[in-house]
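# Inside the fold
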Amino acid sequence: MLGTDFRTGSPNWIDLGSPDTGAAAAFYGAVFGWQFASAGPDAGGYGFFQKDGKTVGAVGPLSEEGAGSAWTTYFQSDDIQATARDVVAGGGAVRVEPMDVMGEGWMAQFTDPQGAQFAVWQPARTKGLEKASEDNTLVWVELHVGDPEAAILFYAGLFGWRSQEMQAPGMTYRVLSIKDGDQQEGSFGGVAPLQGEGEETRWVPYFAVADADVIATKVQENGGSVLMPASDVPDVGRIAWLADPGQAVFAVLKPNPRQA
C-alpha cells in the first residue's frame, strides 16, 4: 500500500483546487477531522490539511480559467524537466511549466493523452505527505480512462511503473506499482476502464476510513453528495464514491483486514 517512503513514481502529494478554500476546509474538517494550516502570507491562499499535526493533503484556490474544483494527484519525479519533456513526447500536454515552489521543491502540472490531469513533485525541503494508509489519509489513487493499456504505456514511459491485471466485478482492473522493489509491496493504485457514457477521465484519490457508510452520511450532512453508495468489493474492502460541495470527486475505502 501507499506509504511515505517516496521513490520515483510514488504518489507523494495531493491537493484540492477549490472555489472556496474556507468552505472546503470546513467540509473536510467535518468529514475527516482534518485541521487547516495556512502555508503563509506569500502562498496565495494555499494551505495544508493536517491530521495530528502531520500533512495529509493541501488546498488552494482555483488558478486556471474555467477550471472546476478537483483533487490533483502528484507523483515523484527525480528530474522534473525530463518528465515534462517525456510527457510531451508521449502525447500529453504541459498545463503548468516546472516551477520552484519557494525552495520546498519543484512542481509541474500535466494532462495525459486521454485527458486525465495529474502533476509531479520533485522534492527539496518538503518531501511529500507526512501520513498515508491510515484512517482519514490517502491510501490509493485510481485512474479511470477509456484505454487502460495505452495509459499504462504512457505512464510507464514517465515513471517506469509496472502493472498487473486482476479480475474485478465487470472489468479487468490493473494494479500499478512503482518500478523498484517487490511489486506487491510497491503497489499504490490502479487503472479502471470507464464505466458507461459520461464518466470523466480522471485520477481519483481514495482515503482510508474506519467506516465508509458513516463517512458517506457525513458527506451528505455537510453539503456533499454520494455518487456511489458504500458497497463491498471482494478481497479489497468497502468503497464509496463521493463529491464535496464544490463537486470535487473522491472515494473512501475501508480496507479488507486481510489487505491492510
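Above this text you will find the structure in question.
Overview of the structure. (Residues numbered from 1 in each chain as written. Predicted model: local features only at pLDDT ≥ 70, side-chain atom pairs only at ≥ 80, totals over all residues. Heavy atoms only, no water.)

## Quick word on the pattern of salt bridges
Counting across every chain of the model gives eight salt bridges. Glu 134 serves as the salt-bridge partner of Lys 51, at 2.9 Å between the closest nitrogen and oxygen. One end of the pair, Lys 51, is in strand β3 (residues 47-51); the other, Glu 134, is in the loop between β8 (117-123) and β9 (138-145), and 83 residues separate them in sequence. Its relative accessible area of 28% is what places Glu 134 among the partly exposed residues. The residue Asp 232 makes a salt bridge to Arg 238 at a minimum N-O spacing of 3.2 Å. Linked by salt bridges that have partners in common, Lys 51, Lys 131 and Glu 134 make up one network. (Salt bridge = Lys/Arg side-chain N within 4 Å of Asp/Glu carboxyl O. Helix = DSSP H or I, 4+ residues; strand = E, 2+ residues; numbered from the N terminus. Buried < 20%, exposed > 50% of the residue type's maximum accessible area, 1.4 Å probe, protein only.)

## Considerations on the packing of helix α1 (residues 21-32) against helix α4 (residues 212-221)
Between α1 and α4, whose axes approach to 9 Å, the crossing angle comes to 150°. Viewed along their axes, α1 and α4 adopt a mutual orientation that is roughly antiparallel. The interaxial crossing formed by α1 with α4 has right-handed handedness. Contacts between α1 and α4 pair Phe 27, Ala 30, Val 31 and Phe 32 from the former with Ile 215, Lys 218 and Val 219 from the latter. Taken together, the residues of the contact of α1 with α4 sort by class into six nonpolar, no polar and one charged. (Axes fitted to C-alpha atoms, helices over the stretch in contact; angles between N-to-C directions. Parallel < 35°, antiparallel > 145°, perpendicular 65-115°, else oblique. Left-handed = near helix turned anticlockwise from the far one by under 90°. Contact = heavy atoms within 4.5 Å. Nonpolar A, V, L, I, M, F, W, Y, C, P; charged D, E, K, R; others polar.)

## Digging into the nonpolar core
Core analysis: the largest hydrophobic core is formed by 60 residues, its most contacted members being Phe 32, Trp 71, Phe 118, Tyr 155, Trp 203 and Phe 250. Contacts of Trp 71, omitting those with residues within four sequence positions, involve Ile 14, Asp 15, Leu 16, Tyr 28, Trp 34, Phe 49, Ala 58, Pro 205, Phe 207, Ala 248, Val 249 and Phe 250. With 14 residues, the next largest nonpolar core counts Trp 140, Val 175, Val 249 and Leu 253 among its residues. (Core = buried A, V, L, I, M, F, W, Y, C linked by side-chain atoms within 4.5 Å.)

## Focus: the side chain of Thr 83
In this fold, Thr 83 is placed in helix α2 (residues 80-89). Given a relative accessible area of 6%, Thr 83 falls into the buried group. When sequence neighbours within four positions are dropped, the list of residues in contact with Thr 83 reads Ser 77, Phe 110, Val 120, Leu 158 and Phe 159.

## Here's the deal with helix α3 (residues 148-159)
In this model, α3 (twelve residues) spans 16 Å end to end at C-alpha, consistent with the 16 Å of a helix rising 1.5 Å per residue. Residues of α3 that are buried include every one of Pro 148, Ala 151, Ile 152, Phe 154, Tyr 155, Leu 158 and Phe 159, and no others. In an axial view of α3, the angular spread of the buried residues amounts to 160°, which keeps them on one side of the axis. Those residues of α3 that are exposed and angled more than 90 degrees off the buried face are Glu 149, Leu 153 and Gly 157. One or two residues past the end of α3 sits Gly 160, with phi positive at roughly 75°. (Expected span 1.5 Å × (residues − 1). Arc of directions from axis to C-beta.)

## Section: the side chain of Lys 51
Judged by relative accessible area, Lys 51 falls into the buried class, the value being 17%. At 2.9 Å, the side chain of Lys 51 and the side chain of Glu 134 are in polar contact. Discounting residues that sit within four places of it in the chain, Lys 51 has contacts with Gln 35, Val 56, Lys 131, Glu 134, Asp 135 and Thr 137. (Polar contact = N/O pair within 3.5 Å; in protein donor to acceptor, adjacent residues only side chain to side chain.)

## Comments concerning α1
With twelve residues, α1 should reach 16 Å at 1.5 Å per residue; the first-to-last C-alpha distance of 16 Å fits that figure. Taken as a whole, α1 has its buried residues at Ala 24, Ala 25, Phe 27, Tyr 28, Val 31 and Phe 32. One face of α1 carries all of its buried residues, which in axial projection span an arc of 165°. At the N-terminal boundary of α1, the capping side chain belongs to Asp 20, with an oxygen 3.3 Å from the backbone nitrogen of Gly 22. Phi turns positive, to about 80°, at Gly 33, one or two residues after α1.

## Overview of the sheet that holds strand β14 (residues 225-233)
Read across the sheet, eight strands follow the order β10-β11-β12-β9-β13-β16-β15-β14 without closing on themselves; strand pairing throughout is mixed. Either end of the sheet is taken by a strand with one partner, and the two such strands are β10 (162-168) and β14. With strand direction ignored, the average angle separating the axes of adjacent strands in the sheet is 25°. Bridge count for β10 against strand β11 (residues 171-177) is seven bridges, and the pairing is antiparallel. The partner of Ala 168 across the bridge, within β11, is Met 171. (Pairing = 2+ DSSP bridges.)

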